Amino acid sequence: MKKDLKKEFKKGFKTVGYTVESRRIPREFDNFTIVHLSDLHGEVYGRQNCELIRKIHAAKPDIVVMTGDMAEHGNRSCALVADLCGRLVRRYPVYYIFGNHEQCMERDERERFLKKLRALGVIVPENSWHSISRGGAYVKLYGLVMPMAYYKDPTRDDYVRGIRFSAEDTGSFLGEADPSCFSILLCHNPLYFPSYRDWGADLTLSGHIHGGIIRLPGLGGVLSPDVTLFPRYDGGHFEERGKHLVVSRGLGNHFLVRIMNPPELVTVTLKGG
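Computed from a predicted model, the values in this text were never measured in an experiment.

## Some thoughts on the packing of aromatic side chains
- In this structure the tally under the stated criterion is twelve aromatic pairs.
- Relative to Phe32, the ring of Phe29 has its centre 5.1 Å away and its plane inclined at 55°; by these criteria the two rings are tilted. There is no split in this pair, since Phe29 and Phe32 are both buried.
- Measuring from ring centre to ring centre gives 5.9 Å for Tyr96 and Phe113, while their planes differ by 80°; the resulting arrangement is edge-to-face. Of this pair, Tyr96 sits in strand E5 (residues 94-96) while Phe113 sits in helix H4 (residues 107-120); the two residues are 17 residues apart in sequence, bridging distant segments of the chain.
- By relative accessible area, which is 0% here, Tyr96 ends up buried.
- One aromatic cluster in this structure is built from Tyr150, Phe165, Phe173 and Tyr192.
- Taking the ring centre of Trp129 as reference, the NZ or CZ of Lys140 above it sits at 3.8 Å.

## Things to note about the sheet that holds strand E8 (residues 183-187)
- With mixed pairing, the six strands of this open sheet are ordered in space as E6-E7-E8-E9-E13-E12. Here the strands that pair on one side only, and so sit at the sheet edges, are strand E6 (128-134) and strand E12 (236-240). With strand direction ignored, the average angle separating the axes of adjacent strands in the sheet is 20°.
- Bridge analysis of strand E9 (residues 203-206) against strand E13 (residues 243-247) gives four bridges, and the strand direction is parallel. Paired with Leu203 across the two strands is His244, which belongs to E13.

## Concerning the packing of helix H1 (residues 50-59) against helix H2 (residues 75-88)
- Remark: H1 packs on H2, axes separated minimally by 11 Å, with the N-to-C direction vectors making an angle of 30°. Between H1 and H2, the interaxial angle falls into the category roughly parallel. Crossing of H1 against H2: the hand is right-handed. Of the residues in H2, those in contact with Leu52, Ile53 and Ile56 of H1 are Leu84, Arg87 and Leu88.
- Along the lines of polarity and charge, the residues of the contact of H1 with H2 split into five nonpolar, no polar and one charged.

## Re unusual backbone geometry
- Phi at Ile213 is positive, roughly 65°, even though this residue is not glycine.
- Checked against the element boundaries, Ile213 lands in the loop between E9 and strand E10 (215-216).
- On the accessibility criterion, Ile213 (0% relative accessible area) is buried.
- One non-glycine residue, Phe230, lies in positive phi territory at about 50°.

## Let's talk about helix H5 (residues 167-174)
- Along H5, the residues classified as buried are Ala167, Thr170 and Leu174. The arc enclosing the buried residues of H5, seen along the axis, measures out at 55°, which places them on a common side. Opposite the packed face of H5, turned more than 90 degrees from it, sit the exposed residues Glu168 and Ser172.
- Tucked into the core, H5 has its buried residues touching E6, strand E7 (137-144), E8 and helix H6 (193-199).
- At the C-terminal side of H5, Gly175 shows a positive phi close to 80°.

## Description of the confidence of the model for the protein
- Taken over all residues, the pLDDT of the protein has a mean of 91, while the share at 70 or more is 95%.
- Across residues 1-10 the pLDDT falls below 50, and counting only partners more than four positions away or on other chains, this stretch makes 25 contacts in the model.

Conventions we followed
Residues numbered from 1 in each chain as written. Predicted model: local features only at pLDDT ≥ 70, side-chain atom pairs only at ≥ 80, totals over all residues. Heavy atoms only, no water. Phe/Tyr/Trp six-rings, centres within 6.5 Å; stacked < 30°, edge-to-face > 60°. Buried < 20%, exposed > 50% of the residue type's maximum accessible area, 1.4 Å probe, protein only. Helix = DSSP H or I, 4+ residues; strand = E, 2+ residues; numbered from the N terminus. Lys NZ or Arg CZ within 6 Å of the ring centre and 35° of its normal. Pairing = 2+ DSSP bridges. Axes fitted to C-alpha atoms, helices over the stretch in contact; angles between N-to-C directions. Parallel < 35°, antiparallel > 145°, perpendicular 65-115°, else oblique. Left-handed = near helix turned anticlockwise from the far one by under 90°. Contact = heavy atoms within 4.5 Å. Nonpolar A, V, L, I, M, F, W, Y, C, P; charged D, E, K, R; others polar. Arc of directions from axis to C-beta. pLDDT = per-residue confidence, 0-100.

Here you go:
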């Protein structure tokens with residue numbers, strides 16, 4: 001694993017780069033670059049997000065993925081994110097999955113937002129997959145949107161103590177993983193990475209945890225949105241049993257104040273092992 005921390009912006013957002021190596025990555029996808037955005041929460045970096053877009057262009061991505069909580073309830077938030085997507089989709093394939101905040105919008109608002117994204121040309125894989133081709137080879141990109149009960153939010157009416165999202169549950173939403181190709185999974189909540197891993201995801205991209213909000217040297221993130229202390233998958237690159245997870249610490253904020261935990265834009269570069 002390689003990690004490259006680049007210069008921080010005045011508003012505190014930085015670019016973090018990871019390299020994911022796997023023998024399952026086709027040689028045609030060597031140096032394939034993914035820009036990963038998550039948890040923007042309606043934040044704006046520069047006029048019409050010009051600073052954010054500038055750094056995305058600088059990364060020269062092959063695709064841009066957004067792993068949820070980019071928008072929140074309210075027309076302004078949805079309009080800002082739709083404008084960002086519209087500017088990016090002119091140059092890159094853009095994939096977007098909903099996080100808990102998009103799922104918690106009023107139904108009509110959520111449907112309008114989804115319709116707008118698709119009208120712009122954004123690919124929104126709701127518990128489905130898309131094939132990405134390059135030089136005659138391909139990988140599959142899956143999008144998982146799990147029910148809110150699995151977010152383990154004790155403040156919600158649908159909270160269920162002890163509930164788990166298993167590899168079998170992943171399969172019930174996505175079908176069987178394709179063992180013949182490298183599989184990328186977009187899923188907002190990284191809590192159940194062992195299940196995604198065992199289902200067959202070679203690379204999972206997530207957000208949600210906000211880096212643990214407060215980060216302590218040597219200990220990592222302190223608090224997750226479900227009020228769990230020291231969450232395991234707080235942010236960064238994790239590898240287990242040959243499978244990879246990259247968790248963005250997010251570009252915005254929703255609760256409490258970040259301490260030693262600036263917002264970040266993530267890039268992921270694929271390398272054949």
